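# Summary of the model geometry
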Amino acid sequence: MAGLATTFGSGAMTNSINDIPEAQCILAIGTNTTEAHPIIGMNVRQAVQHGTRLIVANPLEIELVKDADLWIQHRPGTDVVLLMGIMKIIVDEGLADEAFIDSRCENYAEFKESLKDYPLKLVEEITGAPGEKVAEAARMYATIKPAAILYTLGITQHTHGTDNVMALANLAMLTGNIGKPGSGVNPLRGQNNVQGACDVGALPNVYPGYQSVADEKMQKKFEDAWGVKLDPKPGKTLTDIIPAAHKGEIKAIYLMGENPSLSDPDGKHVREALNRLEFFVVQDIFLSETARFADVVLPACSFAEKEGTFTNTERRVQRVRKAIEPVGVSRPDWGITCEIARRMGAKGFDFKSPEAIMEEIARLTPSYGGINYTRLEKGGLQWPCPTQEHPGTAILHTGIFTRGKGKFIPLVYRPPAEMPDDEYPLVLTTHRSLFQFHTGTMTRKVKGLNIFKSEERVAMNPADAQSLDIADGEMVRVVSRRGDVTARALVTEKSPQGTVAMTFHFAESPTNELTNPAYDPVAKIPEFKISAVRVEKVKKAAASPAR
């Protein structure tokens with residue numbers, strides 16, 4: 001979000017899902033689309049069947065590679081070098097959209113000068129990708145228009161994730177592939193309402209609608225609306241909160257809908273932090289692994305038991321309608337929060353329904369100003385939708401960027417925080433499965449899904465497996481500087497030599513025991529995609545001597 005906000009002025013998906021088939025070329029980088037976003041993956045495959053050219057850039061041989069015209073298998077963590085190298089070729093060969101750059105963008109001269117640091121030979125050395133493939137990707141993306149970019153956590157979950165995103169924004173602006181049907185830079189969100197949570201202020205530095213807490217005018221606006229005095233200092237991110245709890249600087253946490261003991265890096269450190277709290281409240285629909293540490297557990301409702309809205313990855317606000325009554329003593333999240341606030345003596349929490357809350361959101365959030373339940377009964381609306389008469393916005397930045405002019409950002413390559421060495425010679429990268437979701441809190445309870453994937457597998461290249469005398473299906477121990485995890489080996493060419501891949505869906509093999517808590521200094525997102533590990537064969541226990 002921070003990268004696109006810097007370059008474009010808005011951190012959201014620029015185009016729409018239904019717009020993907022309009023693209024004549026698609027660059028899918030850092031996204032295992034068919035596994036993590038299967039409906040969008042189907043749209044991509046349908047576009048390819050109708051003639052769209054597809055470039056896949058991914059260290060792993062994902063399913064989408066089968067549909068690709070070109071696959072670049074670069075080393076994990078080298079995205080900035082790859083993208084800067086692609087852009088240097090575009091500029092050197094005169095393929096940049098100079099008219100778009102001159103009229104719509106700024107800081108181009110400084111950016112162009114920075115490209116000299118990325119000659120093709122250096123790009124090959126650092127990324128491991130053949131130069132001819134890098135050049136082919138550059139020419140395809142620059143000349144086959146309109147061209148769209150799709151990316152997910154394979155781009156953002158790095159210590160240089162913000163740089164990765166800004167590189168993609170640079171690429172789109174360089175070729176004029178922004179603000180048009182079939183173009184754009186399109187982050188595919190990792191969960192179904194991440195976009196909506198951010199939109200309404202679930203970030204430490206903004207009020208709803210990305211209105212800065214440090215802006216005196218915004219502070220006064222919300223103080224007047226809520227009748228309270230507000231602190232202008234930004235709060236802490238999740239990656240700040242857990243270490244602060246570990247140090248004793250944070251005494252209590254109220255956690256809603258998260259399972260950080262499985263989802264956060266360095267799981268042992270997370271559990272230690274939670275155990276040091278003086279008071280810990282968890283509000284969730286199931287008793288998750290994290291909820292077992294809580295002093296109080298508040299049972300919340302699932303999507304099927306409540307009214308409300310979700311805002312999806314394409315900025316589309318959609319109604320959620322109650323299908324069944326809340327199970328047991330569970331309550332909707334908004335109702336629990338309001339009840340606690342009222343019992344604490346707070347004012348402004350007398351909402352009678354989610355619809356009343358949406359009315360306040362629309363009143364205080366310009367991009368949601370024209371959205372209400374009456375309009376949503378007829379279908380979803382994409383923000384910005386500032387007035388009742390506005391139809392919603394399918395494509396951002398059509399005539400002007402949100403920030404005015406798009407800003408090119410020169411970038412310097414920074415290696416990952418942790419690289420392989422003699423003790424930990426392999427790179428661990430995390431990914432997702434089609435058949436389980438996130439930490440498995442919900443999907444592990446579905447018998448049918450467990451038939452398809454019921455345990456963790458450590459995907460490793462046959463050459464690595466042979467050197468370690470590991471056969472497919474054998475139990476192995478994966479060890480990092482932070483801990484170790486045991487799981488079954490999956491020997492496959494889909495993982496490149498030197499890299500092992502694991503999901504993080506299984507509490508029995510908690511992959512995030514291994515991952516590195518180093519994080520991006522801007523977005524504060526941990527580097528889940530690169531951790532140095534070693535893999536050991538689990539020796540079978542010797543049989544007891546006969547008596």
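You'll find the structure just up there.
Residues numbered from 1 in each chain as written. Predicted model: local features only at pLDDT ≥ 70, side-chain atom pairs only at ≥ 80, totals over all residues. Heavy atoms only, no water.

### A few points about the environment of threonine 387
Following the sequence through the fold, threonine 387 ends up in the loop between β14 (381–382) and β15 (406–407). Once the C-alpha coordinates of threonine 387 and alanine 362 are considered, the two residues, 25 residues apart in sequence, prove to be 9.3 Å apart. (Helix = DSSP H or I, 4+ residues; strand = E, 2+ residues; numbered from the N terminus.)

### Brief notes about helix α13 (residues 238–247)
Within α13 the residues assigned to the buried category are Thr239, Asp240, Ile242, Ala244, Ala245 and His246. Against β9 (252–256), α15 (267–275), β21 (516–519) and β22 (526–527) lie the buried residues of α13. After α13 finishes, the residue glycine 248 shows a positive phi value of roughly 85°. (Buried < 20%, exposed > 50% of the residue type's maximum accessible area, 1.4 Å probe, protein only. Contact = heavy atoms within 4.5 Å.)

### Observations regarding the sheet that holds strand β12 (residues 308–311)
In space, the three strands of this open sheet follow the order β12-β13-β14, with antiparallel pairing throughout. Pairing within the sheet leaves two strands with one partner each, and these edge strands are β12 and β14. As defined by bridge partners, strand β13 (residues 316–320) adjoins β14 across two bridges and the pair is classed as antiparallel. The residue of β14 that forms the bridge with valine 317 is leucine 381. (Pairing = 2+ DSSP bridges.)

### Topic: the nonpolar core
Within the largest apolar cluster, 55 residues are counted, with the highest numbers of intra-cluster contacts made by Ile29, Met87, Ile149, Leu171, Leu174 and Val185. Broken down by element, this core gets its largest block of residues, 10 residues, from helix α4 (residues 79–92). Excluding anything up to four places from it in sequence, isoleucine 149 contacts Leu27, Ile29, Tyr141, Leu168, Leu171, Ala172, Gly184, Val185 and Asn186. Membership of the second largest hydrophobic core comes to 22 residues, among which are Ala28, Ile40, Val48 and Leu60. (Core = buried A, V, L, I, M, F, W, Y, C linked by side-chain atoms within 4.5 Å.)

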